[in-house]
Amino acid sequence: MPLAWRTAPKAALSSPLVALVTAATALLTCFLATATPLHTSASAGAAIAGRAESVCEDQYGPFFNARSLSRSDAQLVSDTVRARAGEHGFGRPMVGMYTPVGAAEFDGETFDYRLAYRDGGVDDLELLRGTSASGLWLGTELADAENIPLGTRGAGGALPPATGVYRDLHLPAPGPWCSVRDMTVTNRLVDHIETGAIVFATDQRAFDRAVRQFDRLERAVVSFRLPPPATLAEAEDRAARARALIADVEADLQAGGHAGLVHGSVPFQRSIDLANRAETNVGLSILPLAILAVLVGCAGAGTLAVQWYQRRHARIRLLSSRGYGPGALGLLALAELGLPMAFGGVAGVLLARGLLPAYGPPGEMDPAEFWTAAGYGTGALVLSLALLVSVVAVRAHREFQQGRASGRRARRRLAAYLPWELATAAVACAGWLRLAEYGGTSRLGDPLPQVDPLALTYPVAVVLTVGIVVARLTFLALRLSHRARLWSRPALQLAIRRLAGARAAVVGVLVIAMLAVGTLAVGTGVAEGQRSALENKTGMYVGAESSVDVERTVGTGETALPEGARAGTSLIGRFNYTAGEPTVAVVDPDTFLDAAWTGTFDDTRIGEVLQRVSAPAEGTVPAISIGAAGAAPPTVTGLPPLEVTARLDAFPLLGGEPGYVVSRTALTDAQLAEVPQWTVLSSGPLQELTTAFRDAGLVHPNAESRADVLDALPFHVVEWTFSFVTLLGIVLAVVAVLILVVAVETRRRQNALAATLLVRMGMRPAALLRSHLAELGAIGGLATVAGVASGVTVAAVSVRQFDPVRWLAPVPQLPDLTGLIVTVVGVSTVVVLLTALLAVRSARTAVPAELLRA
Amino acid sequence: MPESPTGRATYRLRSVCVDYATPAGPVAGARDITLDVPASGMTVLAGPSGSGKSTLLRVLGLVERPDRGTVELDGTDVAGLSHRRRRALRRDRISLVFQNPVDNLLPQLSVTGNLRAAAESAGHDHTTDDDILGELGLDGTGDWSVSALSGGQQQRLAFGCALARRTPVILADEPTSQLDDVSAERVLDVLRRLADHDLTIVVTSHDGRLIDLATHLVRLRDGALHDVPPAGDTRTPKGVDTP
C-alpha cells in the first residue's frame, strides 16, 4: 500500500470535528438499520409475553383432551403420549382425570361429588387439615358444612380414606387449574351439591381405587407444564414440535384401533399467529420510514464524501496527477474516514442492542435475531463505506479523467422537478382509505384488527408530503428571491442571498428537519394516544381498577362487605334492561369517587352532581342523565319516576351510552331491595378483592380487572409502531443538526472571507450575527412550525382512526403535546444560535490578507 | 508552425481546441493550438490571466482531453487513449507542480516522506533523498514536517518530488506566483538546475524572470498562440543567478 494511503488515518486527526461527524453519521445509520429488526422482533416477544398471560399455564405446549372415555383408554392415551414426548423434546407429561358427577355416601350421608386427579395436583391445592398420605382430599365446604371427619371412607368403605381438607377452588381459577376449571371449580352460582363437590385423589393409586365407582371418565387431559415461551421463535419451535408429537400420538392410537380417542391441539398457536401478525404489522409499518431514514443516513455519508473531496481536493489532484486512479482515490477516502465510520457503525449496532429496552416494546428478543439485525446494521455500514468510496471515485473520474462537466446538473434538475409529493400523497391517500376500516372488526377477545400496514404509514406519509411541498415552495421562493431588495436591512438581505445561493442544501436540510419534527409530533401523539386510550377504555368498561358482582344482600347492606373489601371500594347497583334501553345505576356518593376510575373525568364535577341528587325527593328520584339527552327517563320497577336534575356526557362504568345515575342515599331500603344487580367497584387489584370475598365465603361472580378486560395487543401494535416513529424522529433530528453543522463548516472558509470583508467594510459583528441568525433561524423556524403543525394535525386526526375498540367510549384523544412542542422549539433555538455563532466565529478571527492569499 | 528547435519533441500538438461550457455559452480555453515541445530545455507558456496557459498545461498533463486536434507524447497520440493508459503515462512520464506550494505535498508526511511517496507513486522503491535535498538547498530538513517549511522551501520540495519521481517531463503551473521575491529566486535557481537534467520542462508564468529562463517561449492570448518565435529562434538560457 502506498505511503499516502498508509498514513491517511493519521490525516483524519487533522479535523477532529469531521471525524466526529463521520462517526456520528455512521452511528445513526447503523443504529436505525439495526434497531428496526430488533424493534420488530421485540414487538413479537412482547406480544407473546402478553398473550402468555391470557393462556392457561399448561397450554404453552401440546394439549391432549379426551372426553367420555374409560380409565383404561385414559391410561392408553397417557402411555402413548409419555412414550412419544421425549422424541420431540418434551418432558414428562401431566395427566389429569376427571369423573362425571356421581353420588357417594360420606359419614352416613349421600353427596354428589366429582372425583379428580392430576399428576402433582395436590401440590397446587392448599391443604388446610390432614396430610398428603394416600387417600382423598375433600373441599372445605363439603368437609366443614357436613362435618365429615378425616379418615372417613366413603361409599361404605369402598373409597380410600379422606386424608386431607383443601381450600376449595374459586373463579377466577388459579393458573394450574385454568384449563380444567370446569372440572375443578365448584359452580357457586348454583347449589354445589347439585353440581358436585370436587374430591381430589392424592395419587394415582387412590384414584384407581376410587374410580371404580364410575364406569367412565368425563375428561382426561394430558398436558405439559412448561414455562411460557419468551420469544416468538421459541414459541414457534415449541408449536412445531407439539404438532409433530400430536401427529405421532394420533398415528399410534390409530394403528392400535383407537382413532379419535383423543383430540390433540396446540392452544398457544393462536397466540403465535397473533404475535406473528403483530410483528408483521409493526415491521411493515415502520419499514418504509426506516428505509427512508437509513437512506438519509447514507445520503449523509455521501455528503461527507463530497465534503471530504472538497477539503482534500489539492491532495486528490496531486495524487491523480501522479497517475493514481479514481478507485484508489476513493480508497484514500476510505483509509481516512473508514476508521471513524466503522467505529461509529459498530457503536450504532451495539447501541441499538443496548438501548432496546428503552426504545423497544417490552418483550424479549430471540438471541439469533440480534445477529440478523447486526447484519442489517453491517449492511448499512458497508453501504455507507461504498458510498464514500464511490462518490469520491466518481468525482475524481469526472474531474481528472473526463475533464468535463457531465449531464449531472441536468439529472439533478430533473430529480428536483419530479413531483415526489404526488407519490407520497398517493401513499397517504391509500393509507387513509384503509384506515377508515381500522378497528371495525375488533371485539372483546378478537384477534388483531385486519389492518393493511399501509394504513399505519399514513401519518408519516402526510408529514412527508407536507415537508416536500414546503420544501418546493421554499425552493421556488428562493429562486425568485433575487427580486427582493432589502439593502436597507443588510443583515436580512445577506441572509436571503446566502439561502438562495445554497438553496439545494437548504431544501435538503429543511425536508429532513421537518420530517424529524413532524414524525416526533405524530409518533408521540399517536403512541401516547393509544396508551391513554387503553387505560381510559378499560377504566370506563370496568368502572374501577377491578370489580366483582355481589349478592343482593351485600348490595343493600344487609350483609356487610368483607373486612378486606371495605377500603377503596364502592357498591353500585344497576337496573339492566334489554339492549338499547338506558341503564339506571345506583351509586353511593360517599364512596364512589374513592373507588371508581375517573381518569378522563372531572372528579369535582362528578362529586358536585352526585351531591345534587343525594337528597331524597318527594314522589320522585333525582337523577343524573348520562350521554346524549334522549326521551323521557324510563319507568323503573320499584322506583318512583326519575327526575333529571343534572347531566354528564359520560360516567364510569356506563361510558357515554345513554343512562341515568341515582344516589342510594335518595332511595329507601325497600327501593334498594328492588335493584337486581349489585357490583363492588375497587381501586385495588382484583386478587385482593376476590380474596376478601372468598375468605368471607361470599359469592362474587363476574370478576373483572382493568388489566385483562380488553385485549391490549391491538393498542400495543399501534403504540409500538409509533414509538418507533418517535425514535426515527429523534434520529432524523440529530441527522438534521449534523447536516446543518457540516454545511456551516463546509462553507466556513467561503463565509469567513465574505464576512471578514463585510466586517472590514463597516458591518458590525452584531449585524453579521443577526444575518446568520436570520438565515439559520428561517430554516429552523420553518421546519419547526411546519413540522409541528403537520405532525400535530395528522396525529389529532389519526389517533381516533387508530382506535381498535370503537364501540367502547371514550374516543382516543390527542394527548397534551405542549411539552414536546416547547422542547422542539427550545432545541431548534439552541441549534440555530450555536450554528450561527460557529459561522460568525471564523469571520471575527480571520485575517483578510491570509484568506485572499489562500 | 512552432517546432522543436532540436527537431526532437516530447509533445506534438496539432490544431488542439478545448471548449468550456459556461452559462453564457461555450468558451474556448484553447483554440487551434499547434505546437511542439522540445524534449529538453525549458518551455515557458506565457500570457495574461485567462489566456489559456493552465488549460494547455492540463492538456499536456493528460488531465484534459482536447475537444479537437491531436496530442502526441513521445510519438503516441494520447487524446484517444483509455483512461488507464493515460494514467499510466501520467504515472511514468509526467510530474506536475502546482501553483500553491502546499498543494504539491502531503501534509501528514515529513519532507523525506514526501520524497518517498513521490518516488513510490512512479514505481521507484527508493530515493536518493539526501542528494535531492542537497540539490534543492534543503539539507537537514528531512525529518521536518512540511508545515515547518516556508512557502519557497515547500515549492522547492515540490520540484524535489518531481525529481524523486524521475519522470522525463515536469510541468509547473506558475510556480513562483505565490512566493515573495527571495523565495521565488530560490525556486528559479532550482529550475535552472533542473534545466541541466535533460528533462522536458514546461512552465506557465507571466513572471518576467521565469520567462527569461525559457529555452522555448510560447505566448498565448485568448486561448490561441500569439507572437510565437519562429522555428530555430530560441532563447539562450541566461546564467544561473544565485540569490
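Residues numbered from 1 in each chain as written. Chains lettered and ligands numbered in written order. Predicted model: local features only at pLDDT ≥ 70, side-chain atom pairs only at ≥ 80, totals over all residues.

Where an unreviewed UniProt entry is consulted, chain B appears under the name ABC transporter ATP-binding protein, with the organism given as Prauserella salsuginis.

Next up on the list: the overall build of chain A. Looking only at helices and strands, chain A has 31 helices and 17 strands in total. The C-alpha atoms of chain A give a radius of gyration of 36 Å, which is well past the 29 Å a tight globule of 854 residues would have. The principal-axis extents of the C-alpha atoms in chain A amount to approximately 120 × 80 × 40 Å. In chain A, which comprises 854 residues, the share counted as buried stands at 49%. (Helix = DSSP H or I, 4+ residues; strand = E, 2+ residues; numbered from the N terminus. Rg over C-alpha atoms; globule rule 2.2 N^0.38 Å. Buried ≥ 20, exposed ≤ 12 C-beta atoms within 10 Å, placed from the backbone.)

Quick look at the overall build of chain B now. When helices and strands are counted, chain B shows 7 helices and 10 strands. Long-range contacts, defined as pairs at least 24 residues apart, comprise 72% of the intrachain contacts of chain B with a sequence gap of at least 6. (Contact = placed C-beta atoms within 7 Å.)

Residue and element names in this part refer to chain B. The antiparallel open sheet is built from 4 strands, whose spatial order is β2-β1-β4-β5. Whereas interior strands pair on both sides, the edge strands pair on one side only; in this sheet they are β2 (25-38) and β5 (76-77). Pairing analysis gives 2 bridges linking strand β4 (residues 68-73) to β5, with the strands arranged antiparallel. The residue bridging Glu 72 from the neighbouring strand is Asp 77, located in β5. Docked against the sheet, helix α1 (residues 53-60) engages β1 (9-22), β2 and β4, running at close to 60° with respect to β2. (Pairing = 2+ DSSP bridges. Axes fitted to C-alpha atoms, helices over the stretch in contact; angles between N-to-C directions.)

Across the contact, 18 residues belong to chain A and 21 residues belong to chain B. At 4 residues, helix α12 (residues 313-321) of chain A tops the list of elements feeding residues into the side of chain A that touches chain B. Classifying every residue of the side of chain A that touches chain B by side-chain character gives 9 nonpolar, 6 polar and 3 charged. (Nonpolar A, V, L, I, M, F, W, Y, C, P; charged D, E, K, R; others polar.)

Residues and elements named next belong to chain A. One finds Leu 388, Val 392, Leu 510, Ile 512, Val 662, Leu 732 and Ala 736 to be the most contacted residues of the largest nonpolar core, which totals 328 residues. Sorting elements by how many residues they give to this core places helix α27 (residues 713-746) first, with 22 residues. Residue contacts for Ile 512: discarding those within four places in its chain leaves Val 296, Leu 732, Val 735, Ala 736 and Ile 739. (Core = buried A, V, L, I, M, F, W, Y, C linked by C-beta atoms within 7 Å.)

To continue, consider the packing of helix α5 (residues 151-165) of chain B against helix α6 (residues 181-195) of chain B. How two helices sit against one another is set out by the angle between their axes and by the gap between those axes. All names here are of chain B. Relative to each other, α5 and α6 sit at 15°, their axes nearing to 8 Å. Considering the angle they form, α5 stands roughly parallel to α6. Here α5 and α6 pass one another in a crossing that is right-handed. Of α6, the residues touching α5 (which contributes Gly 151, Gly 152, Gln 155, Arg 156 and Phe 159) are Ser 183, Arg 186, Val 187, Val 190 and Leu 194. Class assignment of the residues belonging to the contact of α5 with α6 gives a composition of 4 nonpolar, 4 polar and 2 charged. (Parallel < 35°, antiparallel > 145°, perpendicular 65-115°, else oblique. Left-handed = near helix turned anticlockwise from the far one by under 90°.)

By the burial criterion, the buried members of helix α2 (residues 83-93) of chain B are Arg86(B), Arg87(B), Leu89(B) and Arg90(B). Along α2(B), the residues classed as buried sweep out an arc of 160° about the axis, all on the same side. The inward-facing, buried residues of α2(B) abut α12 of chain A together with β4 and β6 (94-97) of chain B. (Arc of directions from axis to C-beta.)

Turning our eyes to something else, we now look at the environment of Val165(A). Residues and elements named next belong to chain A. Tracing the chain through its elements places Val 165 in strand β6 (residues 162-166). On the basis of neighbour counts, which here come to 22 C-beta atoms within 10 Å, the residue Val 165 falls in the buried class. A sequence separation of 638 residues divides Val 165 from Asp 803, and the C-alpha atoms of the two residues are 49 Å apart. Those residues in contact with Val 165, other than ones at most four positions away along the chain, are Leu 128, Arg 129, Gly 130, Trp 137, Leu 138, Thr 140 and Ala 143.

Restricting attention to buried positions, one finds in α12(A) the residues Arg315(A), Ile316(A), Leu318(A), Leu319(A), Ser320(A) and Ser321(A). Buried residues belonging to α12(A) abut α1 (3-6), α11 (269-311), α13 (326-354) and α15 (367-402) of chain A together with α2 and β6 of chain B. At the C-terminal side of α12(A), Gly323(A) shows a positive phi close to 100°.

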